[in-house]
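Results of the structural survey
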Amino acid sequence: MLLTILGGCGAWPGAGQACSGYLVEHDGFRLLVDPGYATVPRLLERVTADQVDAVFVSHGHPDHCADLNPLLRARAFRDDPPAPLPVYSLPGALDAVLALDRPGILTDAHVLREFTAGDRIDIGPFHAQTRLLPHSVPNAGVRLTAGERVLAYTGDTGPSPEVVELARGADLFLAEATYADRVPEDLRRNLSSARQAGRQAKEADVRHLLLTHLQPGTDATAARAAAGAEYDGEIGIATSGLAIDLSCKPS
Ligand SMILES: [Zn+2]
């Protein structure tokens with residue numbers, strides 16, 4: 001299983017950066033997880049729009065799904081449009097982004113496959129176990145298994161025992177860490193710090209922690225240090241272009 005980070009900014013894309021966007025590949029199948037702001041230009045540096053086989057969206061905030069619109073446009077406006085793109089999301093999560101174009105324009109470019117958080121879904125070679133995690137809107141964390149490797153991704157989440165269950169024993173834990181050490185009081189139930197991500201990585205006994213969704217202005221060095229105070233394993237920061245082959249990780 002190969003993970004390529006298209007973007008790792010939380011909330012809005014910093015200069016030259018992109019928001020949440022992750023290309024996950026296995027056995028030639030390309031799954032795009034969270035096409036957030038500015039991720040499509042990074043995606044198109046690597047593959048053509050028609051080479052994406054499916055999209056999974058954790059929740060309906062635009063920093064996680066706004067670039068679904070240009071991705072679907074890039075497919076629909078071709079002379080020879082590819083087959084409709086399967087798009088997995090929670091019910092209603094994509095209503096706003098799918099309404100950006102007038103009705104009918106992108107209808108044939110996608111097929112919406114809405115699921116309920118907690119569902120297990122097979123997406124190509126990936127087995128996806130979804131889990132409802134606390135956020136200001138419904139948010140589905142996902143545990144992707146393929147080739148005996150496990151990638152756990154939180155989307156956006158406040159701290160919860162459910163996060164630990166999602167990540168239990170994962171080869172890679174891709175964890176939202178909007179802040180380094182301290183989440184503002186009014187957001188504490190809906191977002192996490194790098195320190196909390198580190199604590200949960202330790203509790204879940206994951207093999208590798210990758211911090212993502214750092215809000216522009218959150219210091220990456222401070223985030224890594226805060227997570228490292230809680231978790232002894234390998235810690236990385238998700239930035240555009242970073243690629244991790246989970247198959248190469250020692251078992
Ligand atoms: Zn969000």
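Scoring rules and cut-offs
Each chain carries its own residue numbering, running from 1 in the written order of its sequence. For a predicted model such as this one, the threshold for reporting local features is a pLDDT of at least 70, and the threshold for listing and counting side-chain atom pairs is 80 or more; totals across whole chains, interfaces and linings nevertheless cover every residue. Note that the side-chain values use all heavy atoms of the structure and ignore hydrogens as well as water. Per-residue accessibility, obtained with a 1.4 Å probe over protein chains only, is compared with the maximum for each type, and a residue is labelled buried under 20%, exposed over 50%, and partly exposed between these values. Numbering goes from the N terminus for both helices and strands, where a helix is a DSSP run of H or I of at least four residues and a strand is a run of E of at least two. The directions from the helix axis to the C-beta atoms form the arc being described. Two residues qualify as a contact provided that any one of their heavy atoms is within 4.5 Å of a heavy atom in the partner residue. In protein, a polar contact means a hydrogen-donor-capable atom and an acceptor-capable atom, both N or O and within 3.5 Å, with residues adjacent in sequence counting only if both atoms are side-chain atoms; elsewhere, any N or O pair within 3.5 Å suffices. Any two cysteine sulfur atoms lying within 2.5 Å of each other are counted as a disulfide. For two strands to pair, DSSP has to find at least two bridges joining them. Lines fitted to C-alpha atoms define the axes, with helix axes restricted to the stretch in contact, and inter-axis angles between N-to-C directions lie between 0 and 180 degrees. For Na, K and Ca the donor cutoff is 3.2 Å, while for all other metals N, O and S atoms count as donors only within 2.8 Å; water does not appear among the atoms, so some sites may look incomplete. Angular criteria define each label, namely tetrahedral for four donors with all angles between 85 and 135 degrees, square planar for four and octahedral for six donors with opposite donors over 155 degrees apart and remaining angles between 65 and 115, and irregular for whatever fails these tests.

1. A short note on helix H7 (residues 220-228)
- Turning to H7, its buried residues are Ala223, Ala226 and Ala227. The buried residues of H7 occupy one face: seen down the axis, they fall within an arc of 95 degrees.
- Against the buried residues of H7 lie helix H6 (194-204), strand E12 (208-212) and strand E13 (234-237).
- For H7, the capping residue at the N-terminal end is Asp219, with a side-chain oxygen 3.3 Å from the backbone nitrogen of Thr221.

2. Some points on the state of the cysteines
- Under the definition given, this model contains 0 disulfides.
- Unpaired in terms of disulfides, Cys9 finds its nearest cysteine sulfur in Cys19, a separation of 5.7 Å.
- For Cys9, a relative accessible area of 10% corresponds to the buried category.
- The exposure class assigned to Cys19 is buried, which follows from its relative accessible area of 0%.

3. Quick word on helix H3 (residues 68-76)
- Along H3, the residues classified as buried are Leu68, Asn69, Leu71, Leu72 and Arg75. Along the axis of H3, the buried residues cluster in a sector spanning 165 degrees; they form a single face.

4. Here we look at the sheet that holds strand E9 (residues 139-146)
- Reading across from one edge, E7-E8-E9-E10-E11-E12-E13 is the order of the 7 strands in this open sheet, with mixed pairing throughout. Either end of the sheet is taken by a strand with one partner, and the two such strands are strand E7 (120-123) and E13. With strand direction ignored, the average angle separating the axes of adjacent strands in the sheet is 20 degrees.
- As defined by bridge partners, E7 adjoins strand E8 (residues 126-133) across 4 bridges and the pair is classed as antiparallel.

5. Details of the sheet that holds strand E6 (residues 110-114)
- If you walk across this open sheet you meet the 7 strands as E6-E5-E4-E3-E2-E1-E14, and the pairing is mixed. Looking at which strands have only one partner, the edges of the open sheet turn out to be E6 and strand E14 (243-245). For this sheet, the mean angle separating the axes of adjacent strands, direction not counted, is 20 degrees.
- Pairing geometry for strand E3 (residues 29-33) and strand E4 (residues 54-56), over 3 bridges, is parallel. The residue of E4 that forms the bridge with Leu31 is Ala54.
- Along the sheet, H3 makes contact with E3, E4, strand E5 (85-89) and E6, crossing E5 at roughly 165 degrees.

6. Quick look at the coordination of the zinc ion
- Around the zinc ion, the protein contributes the donor atoms His59 (NE2), His61 (ND1), His135 (NE2) and Asp156 (OD), at 2.2 to 2.3 Å from the metal centre.
- Here the zinc ion is ringed by 4 donor atoms whose angles at the metal span 89 to 166 degrees, and the overall shape comes out irregular.
- For the zinc ion, the donor residues sit on a single chain with the sequence spacing H-x1-H-x73-H-x20-D. In this pair, His59 is assigned in the loop between E4 and helix H2 (62-65) and Asp156 in the loop between strand E10 (149-153) and helix H5 (161-167), connecting sequence segments 97 residues apart.

7. A short note on the environment of Ser192
- In this structure, Ser192 sits in the loop between strand E11 (172-176) and H6.
- Residues Ser192 and Lys202 lie 10 residues apart in sequence; the distance between their C-alpha atoms is 15 Å.

8. As for the environment of Pro82
- By the secondary structure assignment, Pro82 is in the loop between H3 and E5.
- The spacing of Pro82 and Asp108 is 26 residues in sequence and 9.5 Å in space, taken between C-alpha atoms.
- Residue contacts for Pro82: discarding those within four places in its chain leaves Asp50 and Arg75.

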